[in-house]
Amino acid sequence: MRKTLQKSVSVSGVGLHTGVPSTMTFNPAENGISFLRTDIPGAEPIAALAANVSSTLRGTNLKNATAEVWTVEHVLSALNALGITDVLVEMDGPEPPIMDGSSLLFAKAVQEAGIKELENNRPTLKINRKITYSSGNISYSAEPADKLTLSFEYIHNHPLVGRQTYTLELTPENYLNQIAPARTFGFEEELEFLKKHGLAKGGSLENAVVVGKDKFLNELRFPDELVRHKILDLVGDLSLTAQNLPPLKIVCSCGGHKHNVIFAKLLLENSEDK
């Protein structure tokens, strides 16, 4: 069944990349997930669809002819994992508040608002064979299974990271306990580059894990928090199919926003009802 919220709920903070303060309000809706820039006169809602992705540089941005929203993957991740299919997300700035760098506070806001079932069903992807995608050392696959599981392998040459892997069955409970608290992360050596390119203006040790030269600059929530956050991002980006994921075994190695979105489009293209 399609699901929305019982009432509106708001959160506030600064955007990760823009550093601009914003208040974001989740509102009940019945026409899918969309984002509305209330600070732009005449702006129209931007549907959360893979076709509307405008950039995947350090986040997933969406755009239509009237407005753009930045870094929406954490919001979409929480909504997707909790089964929310219909919500109007109003924002009075260009980017959702980063909060603590995870999706946990968004998920808690949704739970606070309450979930309401709508009368009709949402389409489900029909994947009847193994779908694969690769680009260099990056690979994805999805194949029919008894339950929906996600496996991710994150590899980095930094000695504190190396190779991290994580697998889970994607259920609301598993997501809330194992994935939602995992924060976004970056490397200390990248910070100057990011700032020069107008990114991470709102980033701090309060909302991101920072990997230093020989130590983490803040305390980890999980020993493998980085790969768990990669799964968090993947759950958000896969929601851009705007369809339910059926029982699948999804495996990813070294993916990121750009390739998550490509893979989401590939799943749509290979759904048997198209």
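In case you missed it, the structure is sitting above this.
The structure reproduced in this document is the subject of the present report. (Residues numbered from 1 in each chain as written. Predicted model: local features only at pLDDT ≥ 70, side-chain atom pairs only at ≥ 80, totals over all residues. Heavy atoms only, no water.)

1. Regarding the packing of aromatic side chains
In this description, a pair of aromatic rings is defined by centroid distance and the angle of the planes. Applying the stated criterion across every chain, the model contains five aromatic pairs. The side chain of R228 reaches across the aromatic face of F222, ending 3.9 Å from its centre. (Phe/Tyr/Trp six-rings, centres within 6.5 Å; stacked < 30°, edge-to-face > 60°. Lys NZ or Arg CZ within 6 Å of the ring centre and 35° of its normal.)

2. Section: the environment of A113
As for its position among the elements, A113 is in helix α2 (residues 104-113). Taking the C-alpha atoms as reference, A113 lies 8.6 Å from F26; in sequence the two are 87 residues apart. Not counting residues within four places of it along the chain, the set of residues in contact with A113 comprises L5, Q6, K7 and V9. (Helix = DSSP H or I, 4+ residues; strand = E, 2+ residues; numbered from the N terminus. Contact = heavy atoms within 4.5 Å.)

3. With respect to the sheet that holds strand β17 (residues 248-253)
Whether parallel or antiparallel, the strands of a sheet pair through hydrogen bonds between backbone atoms. With mixed pairing, the five strands of this open sheet are ordered in space as β11-β12-β17-β13-β14. Two strands in the sheet have a free side with no partner beyond their single neighbour: β11 (131-135) and β14 (162-169). Within this sheet the neighbouring strands show an average axis-to-axis angle of 5°, counted without direction. Summarising the sheet, β11 and strand β12 (residues 138-144) pair through five bridges and their orientation is antiparallel. Bridging from a neighbouring strand, I131 pairs with A142 of β12. Taken strand by strand, helix α6 (residues 257-270) contacts β11, β12 and β17, and its axis lies near 150° from that of β11. (Pairing = 2+ DSSP bridges. Axes fitted to C-alpha atoms, helices over the stretch in contact; angles between N-to-C directions.)

4. With respect to the layout of surface pockets
Roughly 920 Å³ of volume is contained in the largest pocket. Lining of the largest pocket is provided by 40 residues; of these, R58, F185, G186, E190 and K230 occupy positions nearest its centre. Sorting the residues of the lining of the largest pocket by element identifies α1 (73-81), β13 (149-156), β15 (185-187), α4 (191-196), β16 (209-211), α5 (225-238) and α6 as the ones contributing at least two each. Taken together, the residues that form the lining of the largest pocket break down as 16 nonpolar, 16 polar and eight charged. Taken as a whole, the second largest pocket encloses approximately 380 Å³ of empty space. (1 Å grid on protein atoms, 1.4 Å probe; cavity = no way out; pocket = protein on both sides within 12 Å on 5 of 7 lines; lining within 4 Å. Points joined across faces, edges and corners; volume = space filled by probe spheres on them. Nonpolar A, V, L, I, M, F, W, Y, C, P; charged D, E, K, R; others polar.)

5. Brief notes about the nonpolar core
Of all hydrophobic cores here, the largest spans 77 residues; its most connected members are F26, F35, L62, Y175, I250, F263 and L267. Per-element tally for this core: the top contributor is α5, with seven residues. Residues in contact with F35, not counting those within four places in the same chain, are E44, P45, I46, A48, L62, V69, V72, V75, L76, V89 and M91. (Core = buried A, V, L, I, M, F, W, Y, C linked by side-chain atoms within 4.5 Å. Buried < 20%, exposed > 50% of the residue type's maximum accessible area, 1.4 Å probe, protein only.)

6. Overview of empty space enclosed by the protein
Tallying each qualifying case throughout the model produces one cavity of 30 Å³ or more. The computed volume of the largest cavity comes to approximately 50 Å³. Taken together, the residues of the lining of the largest cavity break down into four nonpolar, two polar and one charged.

7. Considering the sheet that holds strand β5 (residues 46-47)
Strand order in the open sheet made by the five strands is β2-β3-β9-β4-β5, with mixed pairing throughout. Each edge of the open sheet carries a strand with a single partner, namely β2 (9-14) and β5. Taken together, the five bridges between strand β4 (residues 33-37) and strand β9 (residues 87-91) define a ladder with parallel strand orientation. When the bridges of β9 are listed, S34 appears paired with L88. Against the sheet, α1 makes contact with β3 (21-28), β4 and β9, and its axis sits at roughly 145° relative to β4, the strand it touches most. α2 rests against β2 and β3 of the sheet, and its axis sits at about 160° to β2.

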